[in-house]
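Examination of the molecular architecture
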Amino acid sequence: YTVDDVVEGLKNGTLQLFEEPEGIIITQVMQLRDRRLLVFIMAGQNFKFWKEKMLKRLVDFAKEQECICIEAFCRPGLARILKEDNWNLHQVLMQLPIQKEG
């Protein structure tokens, strides 16, 4: 993907932007056999300080989109941080299952 691809995806709604003061996450809802929210790009600093708020926003959005999980391909350091919040390691893919309400 190029910067232009990301900008176009944000403009046409195929990508979503979540912002915090020290970072951003860009997501994409994927329709495979089921719906999944893919963390497409994550950038910023001091993730430990904004991750809880951001993860709540992502989970709420994933529920609205009827996704079964959130997925993120990431480096091992991020995998260690996400495991603290019940993400599961699947090779280099982190997954957070979305619990259905009710």
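Above: the structure in question.
Residues numbered from 1 in each chain as written. Predicted model: local features only at pLDDT ≥ 70, side-chain atom pairs only at ≥ 80, totals over all residues. Heavy atoms only, no water.

**Points about the pairing of strand 2 (residues 23–31)**
In the sheet, strand 1 (residues 16–20) pairs with strand 2 via five bridges, with the strands oriented antiparallel. Looking at the pairing, Glu19 lines up with Ile24 of strand 2. Between strand 1 and strand 2, which follow one another and run antiparallel, lie two residues. Note: strand 2 against strand 3 (residues 35–44), nine bridges, orientation antiparallel. The residue bridging Thr27 from the neighbouring strand is Val39, located in strand 3. Once strand 2 ends, the chain turns through three residues before running back antiparallel as strand 3. (Pairing = 2+ DSSP bridges. Helix = DSSP H or I, 4+ residues; strand = E, 2+ residues; numbered from the N terminus.)

**Focus: the pattern of salt bridges**
Side chains bearing opposite charge may pair, as long as their charged atoms lie close to each other. Within the structure shown, the criterion is met by seven salt bridges. Here Lys53 ties to Glu20 by a salt bridge, and the two come within 3.8 Å at their closest N and O atoms. Taken together, the positions of Lys53 in helix 2 (residues 47–64) and Glu20 in strand 1 put the pair 33 residues apart, joining distant regions of the chain. Given a relative accessible area of 12%, Glu20 falls into the buried group. Among the ionic pairs, Asp60 bridges to Lys56, the shortest N-O distance being 2.8 Å. Separated by four residues within a single helix, Asp60 and Lys56 lie in helix 2, roughly one turn from each other. Among the charged side chains, a network of salt bridges with common partners joins Glu20, Lys53 and Arg57. (Salt bridge = Lys/Arg side-chain N within 4 Å of Asp/Glu carboxyl O. Buried < 20%, exposed > 50% of the residue type's maximum accessible area, 1.4 Å probe, protein only.)

**Points about helix 2**
Compared with the 26 Å implied by 1.5 Å per residue over 18 residues, the 24 Å span of helix 2 between its first and last C-alpha is a close match. Listed as buried for helix 2 are Phe47, Trp50, Lys51, Met54, Leu55, Leu58, Val59, Phe61 and Ala62. Buried-residue contacts for helix 2 involve strand 1, strand 2, strand 3, strand 4 (69–73), helix 3 (76–83) and strand 6 (93–97). Just beyond helix 2, the residue with positive phi is Glu66, at close to 60°. (Expected span 1.5 Å × (residues − 1). Contact = heavy atoms within 4.5 Å.)

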